[in-house]
Every structure is written in structure tokens, then in C-alpha cells.
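Descriptive analysis of the structure
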Amino acid sequence: FLPWGVEECVAWFTPMNYTSQRPVAWTAGSFNENSCAWENSKVWTSGNNLQNGTVDVLRLNGQTGAIEDKVEVMGVGADYYGLYGAAVDAKGNMWASQLSQQSLVFVDGETLQYKVWPMALPGYGMTVDSKGYVWVCAYQGAGRFDPVTETWQIANVEGSGGCMEDGNGTLYVGVFPDHFKVIDEATGTITGVGRYLKQQNPA
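What you see as residue numbers is a count from 1 along each chain, following the sequence as written. Residue-level local features of this predicted model are given only where pLDDT is at least 70; pairs of side-chain atoms are given and counted only at 80 or more, and the full residue set underlies all totals for whole chains, interfaces and linings. To obtain the side-chain values, all non-hydrogen atoms of the structure were used and water was disregarded.

1. Quick look at the overall build of the protein chain
- Of the regular secondary structure elements, the protein chain holds zero helices and 18 strands.
- Taken over C-alpha atoms, the radius of gyration is set against a globule rule of 2.2 Å times the number of residues to the power 0.38. Here the C-alpha atoms of the protein chain give a radius of gyration of 18 Å, agreeing with the 17 Å that 2.2 N^0.38 yields for 203 residues.
- Throughout, exposure labels follow a simple rule: accessible area from a 1.4 Å probe, protein chains only, divided by the maximum for the residue type, with under 20% read as buried, over 50% as exposed, and the rest as partly exposed. Split into buried and exposed, the 203 residues of the protein chain put 44% on the buried side.
- In the protein chain, the share of contacts with a sequence separation of at least 24, taken over all contacts with a separation of at least 6, comes to 35%. Here a helix means four or more residues in a row that DSSP labels H or I, a strand means two or more in a row labelled E, and each is numbered from the N terminus. Here, residues are in contact when the closest pair of their heavy atoms is within 4.5 Å.

2. Describing the sheet that holds strand β9 (residues 103–107)
- If DSSP finds at least two bridges between two strands, the strands pair. The antiparallel open sheet is built from four strands, whose spatial order is β7-β8-β9-β10. This sheet does not close on itself; its edge strands, each paired only once, are β7 (85–88) and β10 (114–118). Between one strand axis and the next, the sheet turns by 15° as a mean value, whatever way the strands run.
- As paired elements, β7 and strand β8 (residues 94–97) share four bridges and run antiparallel to each other. Paired with Gly-85 across the strands is Ser-97, a residue of β8. Structural elements are reduced to axes, namely lines fitted to C-alpha atoms, with helices fitted over the stretch in contact, and the angle between N-to-C directions of any two is expressed from 0 to 180 degrees.

Written as C-alpha cells, this is what we have:
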């Protein structure tokens, strides 16, 4: 391993002074057909400062790492981690959840206005699906938040907390240590169980 500072794989580094800074979520940006590359992507993150009790949401330039926007979020439950998980919806807005059963946070990508809702169950992993619903997943189950009605639905699909959607109405919930559950998002029911492929060490 090369020492820090000369590692050629690091495109940029932006130091921040927070007690805890966990969530990172990238926007897609826009596709340039001439250069065949994605451009203008942004990075959402959040930092928690226990010294003054603030939770900040920051948006960085994906190319340079420069901090472009900073929002101080009020009304979020105080704990060590602050905002724990984050995801970006199709419009580039940020959604973030806390580790325990505290707050779900939304930050509008255009206006930087935010909203805070109480969570219906403790959070760990989270994702935003292709229909715009926000999923918070934990050991106790998975909760689906509807941003339009601002209501929750709970699916009793206990796992280890990680979850993601495939874009076709299927949610995958990780289960420690080696498998996952396949969930039909429309019904909240388990339709299958899969197992992770373990990489074999070359002989």
C-alpha cells in the first residue's frame, strides 16, 4: 500500500471536523454523449458535532470535492452518529435516516429546504426505490415511507439492516452472515431467499 498523499487512486480528499460523519450518497449527474462520460455529479454527506449539538448536511462537487452547499438540520434526535444512512432519489434530492428510531430527513436538491419526520422503526440501511418510496431497513423489519402521503407501511422482513432495490419492484434485504431475502415491494412479502457467492482463494 502506498502512503497517504501519494496514493494514485485518490481523486480528491476533503477534510471535515465532525464527531461522526457516516452517510455518503452520489447523484447521477448528466450524461455527455460527446465525451461519453457522466458529468456534474454531486456528493451528499452529513456530519454530526456533539460539542454544539448540530447536524449538518453538505453537498460537494463530485469532480473536485469542494463543498458547495451546507444545511444545518434542526429537530433531529441527538446521538453519536447523527444521520447514519443516506440515499439520493431520481431528482437528486437527499434522504437520510438515523441508526435508532429517531428521524428521517429530506433535503431538496434545488431549494435546500429540508423536512424531518419520525421514523416508524429503527434504521440501519436505507434506499429510495424506482417509484420514489423511501425504505428504511433494520433487524426488526423494513419500513416504506411515502413522501406524498407522509405515511409509513411496515413489512415484517427481519434481516441485518442492509437493503436495495433492483428498479423493477423488488427489494433485497441482507441477512447476516451469508444470504438475503427477496421482497415484493407491492405486497411487502418474501418471495425468495438467495445466498451470497463467496470468492474462492486462488490455490
